[in-house]
Amino acid sequence: MLKFFFFNAVHLSGTKYGCGVGGCGACTVMISTYDPVTKQIQHRPANSCLFPICSLHGAAVTTVEEVGSIKPRIHTIQERLAKCNGSQCGFCTPGKVMSIYALLRNHAEPSMEKIIAALDGRFQTVNCKKYNKGINIHSGLCNTEEFPPVDPTQEFIFPPELIVGLIDFWLVIGAACCLAQLRDILMKAVPKLAEEKTKIYQAFLQHLRTLAGEQMRSMASLGGHIVSRASTRELNPISSVGKSVLNLASEDGKRQILLNDQFLAGCEHADLKAKEVIVSVLIPYSMKDDFISAFRQAESQKNALSIVNSGMRILFSPGTDTIVDLSILYGGIGSTILSARKSCEKLIGRQWNDQMLNEACRLVLEEIFLPPSALGRKVEYRRTLLVSFLFRFYLEVLHGLNQMVRTGQELHTHISVQATIHTPGQPPQDPVGRPIMHQSGIKHTTGEEVYIDDIRPVDGELSLALVTNIKAHTKIMSINASEALQVPGVVDVVTARDVPGENGKDEQAYAEDKVVCVGQIICAVVAVKIVYEDLEPILTIEVTICLLFNNRFRILELEYLLDHRREDKEMDVYVSTQHATDVQEFVASALNLQYNKIMCHMKCVGGAFGGKITKPLLFAVIAAVAANKTGHAVCFALERNMDMLITGRWHPFFGKYKVGFMNDGRIRAADFQCYINGGCTKDEFESVSPSLIPLIGQCIYILNLLVRGHACKTNLPSNTAFRGFEFPQAGLFVETCIVAVATQTDLPHEKVREINMYKRVNLTSFKEKFDAENLWKCWEECLDKPDYYSKKKGIAIIPMKFSVGFNATYFHQVTSSNQSLVHIYIDGSVLVTHGGIELGQGIHTKMSHRELKIPLSYIHLCETSTTTVTSGKYTAGSTGTEINARAVQDVCQILWKHLDPIQRDNPNGKWEDWISEGHKQSTSLSATGYFKGYVTNMNQDTEKGHAFPYFRFGVSCSENIGTDIVMDACFTINPAIDIGQIEGAFIQGVGLYTLEEIFFSPEGEQLTLGPDTYKIPAICDIPEQFCVYLLPNSCNSIAIYSSKGVGEARFFLGSSVFFAIQDAVAAARKERGLPMDFTPNSPLTVERICMACDDVFTEMVRLFSSLL
Ligand SMILES: Cc1cc2nc3c(=O)[nH]c(=O)nc-3n(C[C@H](O)[C@H](O)[C@H](O)COP(=O)(O)OP(=O)(O)OC[C@H]3O[C@@H](n4cnc5c(N)ncnc54)[C@H](O)[C@@H]3O)c2cc1C
Ligand code: FES
């Protein structure tokens, strides 16, 4: 594939690898071809991970390196994206640059619809504001005057020799035509034709807006789409009902066949013959009395295969509503596309009315039968979709017959932010409070930021692959590596027996005896035969009731690790982690070495969110043991599916509550029981479980509160605490309880929230004193924004109170290195090293300190390493910036003390003069700094002490088209980065609460192992109106520069979308007189929404099923 060719053969690392299945867009490049018909050069974005090199004949490929680089110069797209803070961790930014670049090469002035289409093949992968900023750049929301205009001489020239050599085999809709070209052709053709002729083309266009992403549409051919005939190929039902004809050719000659239901079912008489190919596809015009519609329902709006899709066509006798011809085809139900041919035949001659509809639904449910055990799950939902599509078709046709015109909806995307800025009189070189560009912003956009996977191989480097367990609970009887060792290229097989020291701690790096989940690592290198003895697996914590939470967490950068061996038993470990010290400790223990022999390095990590704290430790041990055994450097990266299989996910959460309340909504007592599915090992469970008590209070004051947390051990991969450390689960649980109280008392939800919210200075349930003033300010400001009270349904306003940091001083502790934290060199330049790891949250950018009072250009921050900073703690808990900034502040103050006499002697001198003089006077220009950490020490048993440094507040209000967020970020160190964090975290929360669903087989095998099955938000999931406000005039005396950590908490605000949907479902149920005491589970997916509405279609399906 092209992606690997770049890295291995031409040594280009700008194009990244995120999933390998065309689902994330990180590997996007531009493919250019010459179109001999239009005599124009076509530029298309494509996923290089799926692009075979052999298919590049006659094509030119442009990678991000070609678009622009720091040397000689960056492209204006890269510059704008970086300067408008359009990147965060930057891992997939080169792919985004390529998507925009390909768009602009074809359309100098693209419409908003085109911009969104260009970006919809990309996932909202990390908590980044990338998408919205990407839109801003093109929609004029940025101040374009700040940027130089596009320089056409910088554009890559299509090689002229490719124009000469191309063979002309292009047809108007040739089989080789890609789906994006098909869309462009149809978009040009439709306005030129009479409307009645274009109905089938309109249906095609409807699907082509949502089918996959732009990269995939640019690669997938119409011929391939038709021939593959999979049930999810959604253009096929429309082609079939539209009576399309396939022009075929082979060495025996040419012929035509119908693209009908029999062809799609693969019937031999209707199929291609051996060696026959489709040359072109004839798609006829529609007729005056024709109605054609296309339907699809997927887990997310775009870039997701449909759950069910359909093409429907009806022809009436001229001037009447009598059916002359009817075709209905469904995809997503069986292994091939299914036709409701018999039902349609029975309906011919009938009038288009309600009786016919009822009959049609019954017939279709009978004919398109889906047994409860059908593959693909969601059986009841899929059956419901069969009839609800039919109902929508019925209405559309009825409207058509009544000559009612459907108007298209215009897409308005309005993204607005409000940022605090620096204080008046602040010196110009002081960066605090200013929207400074991410220090790696330019390198993100040019692809020059070096992630672990981009490090070039060293001599003799070996690759490592894992062999994982395939059953949920087993005992290893033997591991026979002999066959694997005979495979050419295999050097060794590494097992637990090769670990000289400790084989991990709670969780084993290599399985030793019993294997406790599918995906547990047994050995490393290549396939070996493993003999198992089956033991009884436990998979869920609650078998009779659905889990409230069941998500993985997505980090686009895969888990990477590179171990280099050096002399004197030293080992360099390059790893994508949030906690270098632990990696050092685990590797040292595994190899029986002192810590001082293990050098752990992190340059930048492509997203982490808590997922790179515990798991990389084991990977580090695995690679280090292999490097130790073989004597070679070992490189090891998990493929996306292995990453999702092994590294666990959020703790699935199941909660039960009992709540006592008054008629006015005041909650008097609550008993919360929480069960957390920890998976097969403890991981962070011992910290997670007690933290439920403070988290569960959220914003409401409950006089009598009992919280009980239960850790459940199961035979699933070990789960871990992701962003928010169980707050997303606990917060949703408490807010669900509030909704239940509001429903019971028949009070508006916001009134119940208000009456129970902490007021003024108060004590939390765990006796922590805090002032709720800013919580109320956020609440009131947010209530004002969307004109809250005018909206009757489908709206929710959710408050948030989140505790920053950890209930242990030890975890806030930051040490500088024993050698140096800050070096000042004799030219005045400064090297700053601190213990925080750059995870995309802009920690290095925020660390560009005000203390030295010098321009930012003098300061450089390089990697985080155990060689310069010892005993550092996690970069986590939303405190990374503030505690490391304190350590840097400390060292800067020490250095100023060194320089003070020199400055006093020469008050009018410059920085360089003082440094030069300091050097001459043998003044130390290096120093280490230290921050002991916030004092937090609550004793869970005595309930005495101080649990958290401070609280952060925010409120989010969501309704059907928009979201407003008001955050108390106090005096933000960098508003550009913080607003991006808020926007990104919110969207990430929307994914968690509404999209991201994990499935396991009954045997404990995870079925959702990549972006094709596990859906995370894309650009289309950003609210059309999305406004973020930072609460003005707010201070925090505890954190540095009066700032507040903005890492994890905002994520929970995405739950306002969950509760807005719940509110809409409740309104629908109320209209039908259904009980209101329903509890939707998270994620509230389209399937769960549909089933919770319990409408006429779900009822029809249930009734029909009961009669069978
Ligand atoms: C990430 C991703 C997302 C997707 N999302 C969607 C979606 O939302 N909706 C949807 O409908 N589809 C979706 N698809 C499927 C996509 O539409 C098909 O993969 C694509 O249409 C197949 O086209 P291709 O050119 O890659 O075919 P290939 O895979 O190259 O070919 C498929 C088969 O057809 C044969 N073939 C190709 N051309 C001809 C010809 N002219 N004559 C005879 N045989 C031929 C090939 O030999 C092969 O056997 C998605 C695919 C991916 C990878
Ligand atoms: S790596 Fe190619 S699309 Fe994800």
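Conventions adopted
Residues numbered from 1 in each chain as written. Chains lettered and ligands numbered in written order. Predicted model: local features only at pLDDT ≥ 70, side-chain atom pairs only at ≥ 80, totals over all residues. Heavy atoms only, no water. UniProt positions renumbered as here; feature names shortened; annotations may be inferred. Phe/Tyr/Trp six-rings, centres within 6.5 Å; stacked < 30°, edge-to-face > 60°. Helix = DSSP H or I, 4+ residues; strand = E, 2+ residues; numbered from the N terminus. Buried < 20%, exposed > 50% of the residue type's maximum accessible area, 1.4 Å probe, protein only. Lys NZ or Arg CZ within 6 Å of the ring centre and 35° of its normal. Contact = heavy atoms within 4.5 Å. Polar contact = N/O pair within 3.5 Å; in protein donor to acceptor, adjacent residues only side chain to side chain. pLDDT = per-residue confidence, 0-100. Near = heavy atom within 4 Å. Areas by Shrake-Rupley, 256 points an atom, 1.4 Å probe, with all protein chains shown as cover. Nonpolar A, V, L, I, M, F, W, Y, C, P; charged D, E, K, R; others polar. Pairing = 2+ DSSP bridges. Axes fitted to C-alpha atoms, helices over the stretch in contact; angles between N-to-C directions. Parallel < 35°, antiparallel > 145°, perpendicular 65-115°, else oblique. Left-handed = near helix turned anticlockwise from the far one by under 90°.

You'll find the chain entered in an unreviewed UniProt entry as Aldehyde oxidase, with Buteo japonicus given as the organism. Annotation of the chain in UniProt includes, under Sequence similarities (unreviewed entry), the sentence "Belongs to the xanthine dehydrogenase family."

Asks: A description of the packing of aromatic side chains should follow, citing residues and the corresponding values.
Replies: Here the structure, examined in full by the defined rule, presents 29 aromatic pairs. A centroid spacing of 5.0 Å and a plane angle of 55 degrees characterise the contact between F727 and F1052, whose relative ring orientation is tilted. You can see F727 sitting in helix α23 (residues 727-745) and its partner F1052 sitting in the loop between β37 (1025-1030) and α31 (1055-1071), a full 325 residues away along the chain. The residues F727 and F1052 share a single accessibility class, namely buried. Ring centres of F986 and F1026 lie 5.3 Å apart, and the angle between their planes is 40 degrees; this geometry places the pair in the tilted category. Highlighted residues: F986 in helix α30 (residues 975-994) and F1026 in strand β37, separated in sequence by 40 residues. This pair shows no difference in class: F986 is buried, exactly as F1026 is. Through a chain of ring-to-ring contacts, three or more aromatic side chains come together here, namely F727, F802, Y993, F1052, F1058 and F1059. Here R456 stacks its cationic end above the ring of F7, 4.6 Å away from the centre of that ring. Its guanidinium or amino end placed over the ring of F770, K801 lies 5.5 Å from that ring's centre, counting from NZ or CZ.

Asks: Just give me the short version of the UniProt feature "binding site: FAD" (unreviewed entry) in the chain, but keep the residues and values in it.
Replies: UniProt marks R296 with the feature "binding site: FAD" (unreviewed entry), using the numbering shown here. Within the element layout of this structure, R296 appears in strand β7 (residues 290-298). Judged by relative accessible area, which is 14%, R296 ranks as buried. If we ignore the near neighbours within four places in the chain, the residues touching R296 are H207, T210, E234, Q301, A304, L305, S306, V308, N309 and F389. For R296, the side chain forms a polar contact with the side chain of E234, separated by 2.6 Å.

Asks: Describe the confidence of the model for the chain, with residues and values.
Replies: Counting all residues, the mean pLDDT for the chain is 83, and 87% of those residues have values of 70 or more. Taken together, the stretch residues 163-171 has pLDDT below 50 and engages in 14 contacts with residues farther than four places along the chain or on a different chain. When the criterion is pLDDT under 50, residues 815-820 qualifies, and its contacts beyond four places in sequence or with other chains add up to 24 contacts.

Asks: Go over the site of ligand 1, please, and point to the residues and values.
Replies: If you check the shell around ligand 1, you find 22 residues, and the closest are S221, H225, T232, E234 and I278. Contact between ligand 1 and G224: a nitrogen atom at 3.5 Å from a main-chain N or O atom of the residue. At 2.9 Å from a nitrogen atom of ligand 1 is found a main-chain nitrogen or oxygen belonging to I278. Taking 980 Å² as the accessible area of ligand 1 by itself, protein coverage stands at 66%. Taken together, the elements giving at least two residues each to the shell around ligand 1 come down to α11 (222-228) and β6 (277-282). A total of 4 residues in the shell around ligand 1 trace back to one element, the largest contributor, which is α11. Here the shell around ligand 1 is built from residues that sort into 13 nonpolar, 6 polar and 3 charged.

Asks: How would you sum up the sheet that holds strand β22 (residues 653-661)? Please name residues and give values.
Replies: The 3 strands are arranged β22-β23-β24 in an open sheet whose pairing can be described as mixed. Of all strands in the sheet, those bounded by a partner on one side alone are β22 and β24 (704-713). Shown here is a sheet whose adjacent strand axes are inclined to one another by a mean of 10 degrees, direction ignored. Examined bridge by bridge, β22 and strand β23 (residues 667-679) share 9 bridges and lie antiparallel to one another. Paired with F653 across the two strands is I676, which belongs to β23. Across the face of the sheet, α23 comes into contact with β22 and β23 while running at roughly 40 degrees to β22.

Asks: Go over the UniProt feature "binding site: [2Fe-2S] cluster 2" (unreviewed entry) in the chain, please, and point to the residues and values.
Replies: Feature annotation in UniProt assigns "binding site: [2Fe-2S] cluster 2" (unreviewed entry) to the following positions: C89 and C92. Along the chain, the position of C89 falls in the loop between α3 (76-83) and α4 (93-106). Looking at where C92 falls in the secondary structure, it is placed in the loop between α3 and α4.

Asks: Account for the packing of helix α19 (residues 580-591) against helix α20 (residues 615-630), naming residues and giving values.
Replies: At a closest axis distance of 9 Å, the pairing of α19 and α20 adopts a crossing angle of 40 degrees. Comparing the axis directions of α19 and α20 gives the class oblique. As α19 packs across α20, the resulting crossing turns out to be right-handed. On the side of α19, the interface is formed by D582, V583, F586, V587, A590 and L591, while α20 contributes L617, A620, V621, A624, V625 and N628. Residue classes in the contact of α19 with α20 are distributed as 10 nonpolar, 1 polar and 1 charged.

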